[in-house]
Amino acid sequence: MEPVIDIILIVLPIVIVGAIALFVISQLKAKQKRGTLGKKETTEAQTLLDSLIPLGMIVGIGGGVLISLLFSVSMSLAIPLGAGIGMLAGYFAYESYSKAEKSRS
């Protein structure tokens, strides 16, 4: 029974992060087909908009490392989950930042 639990603990973060990645990719693909991807007027704002998802992943990895150092959580669990949660947070930041200029206009 113990090897089954070990296998589940190894595969579970991969499944969770994979589901998050599929969600983000499918949402961005749908926005691209509709032609509603975020566009900013300045190149700096567009670069920030395009970098929000990778920046969210980097911050999530850092948060996962900190959580694994402070608590008794394995790094092999905390880093992928942190990256996945960061990707999801970066996507939501992308959505809100891309809509921020439209509401001002």
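Note that this is a predicted model, so its numbers are computed, not measured. (Residues numbered from 1 in each chain as written. Predicted model: local features only at pLDDT ≥ 70, side-chain atom pairs only at ≥ 80, totals over all residues. Heavy atoms only, no water.)

(A) Geometry of the packing of aromatic side chains. Scanning the model with the defined rule gives two aromatic pairs in all. Ring centres of F23 and Y91 lie 5.9 Å apart, and the angle between their planes is 80 degrees; this geometry places the pair in the edge-to-face category. You can see F23 sitting in helix 1 (residues 2-34) and its partner Y91 sitting in helix 3 (residues 75-104), a full 68 residues away along the chain. You can call Y91 buried: its relative accessible area is 5%. On the numbers, 5.8 Å between centres and 55 degrees between planes, the contact of Y91 with F92 is tilted. (Phe/Tyr/Trp six-rings, centres within 6.5 Å; stacked < 30°, edge-to-face > 60°. Helix = DSSP H or I, 4+ residues; strand = E, 2+ residues; numbered from the N terminus. Buried < 20%, exposed > 50% of the residue type's maximum accessible area, 1.4 Å probe, protein only.)

(B) Layout of the pattern of salt bridges. Applying the stated criterion across every chain, the model contains two salt bridges. Residue E95 pairs with K31 through a salt bridge whose shortest N-O separation is 3.6 Å. Remark: K31 occurs in helix 1 and E95 occurs in helix 3; sequence separation between them is 64 residues. Look at E95 and you get buried, because its relative accessible area is 13%. For the salt bridge of E95 with K99, the shortest nitrogen-to-oxygen distance reads 4.0 Å. Linking E95 with K99, this pair stays in helix 3, spanning four residues, or about one helical turn. Members of the salt-bridge network, linked through shared partners, are K31, E95 and K99. (Salt bridge = Lys/Arg side-chain N within 4 Å of Asp/Glu carboxyl O.)

(C) Summary view of a nonpolar patch on the surface. A cluster of nonpolar side chains, namely L66, I67, L69, L70, F71, V73, M75 and L77, defines an oily patch on the protein surface of about 770 Å² accessible area. The dominant element in the nonpolar patch, judged by the number of residues it contributes, is helix 2 (residues 43-70), at four residues. Its place among the elements puts L77 in helix 3. (Patch = residues over 30% accessible without salt bridge, like charges linked within 9 Å, V, L, I, M, F, W, Y side chains within 5 Å. Areas by Shrake-Rupley, 256 points an atom, 1.4 Å probe, with all protein chains shown as cover.)

(D) Main features of the nonpolar core. Within the largest apolar cluster, six residues are counted, these being I20, A21, V24, I53, M87 and Y91. Contributions of two or more residues to this core are made by helix 1 and helix 3. Considering each element in turn, this core owes the most residues, three residues, to helix 1. The contact partners of M87, leaving out residues within four places of it in the chain, are I20, A21, V24, I53, G56 and M57. (Core = buried A, V, L, I, M, F, W, Y, C linked by side-chain atoms within 4.5 Å. Contact = heavy atoms within 4.5 Å.)

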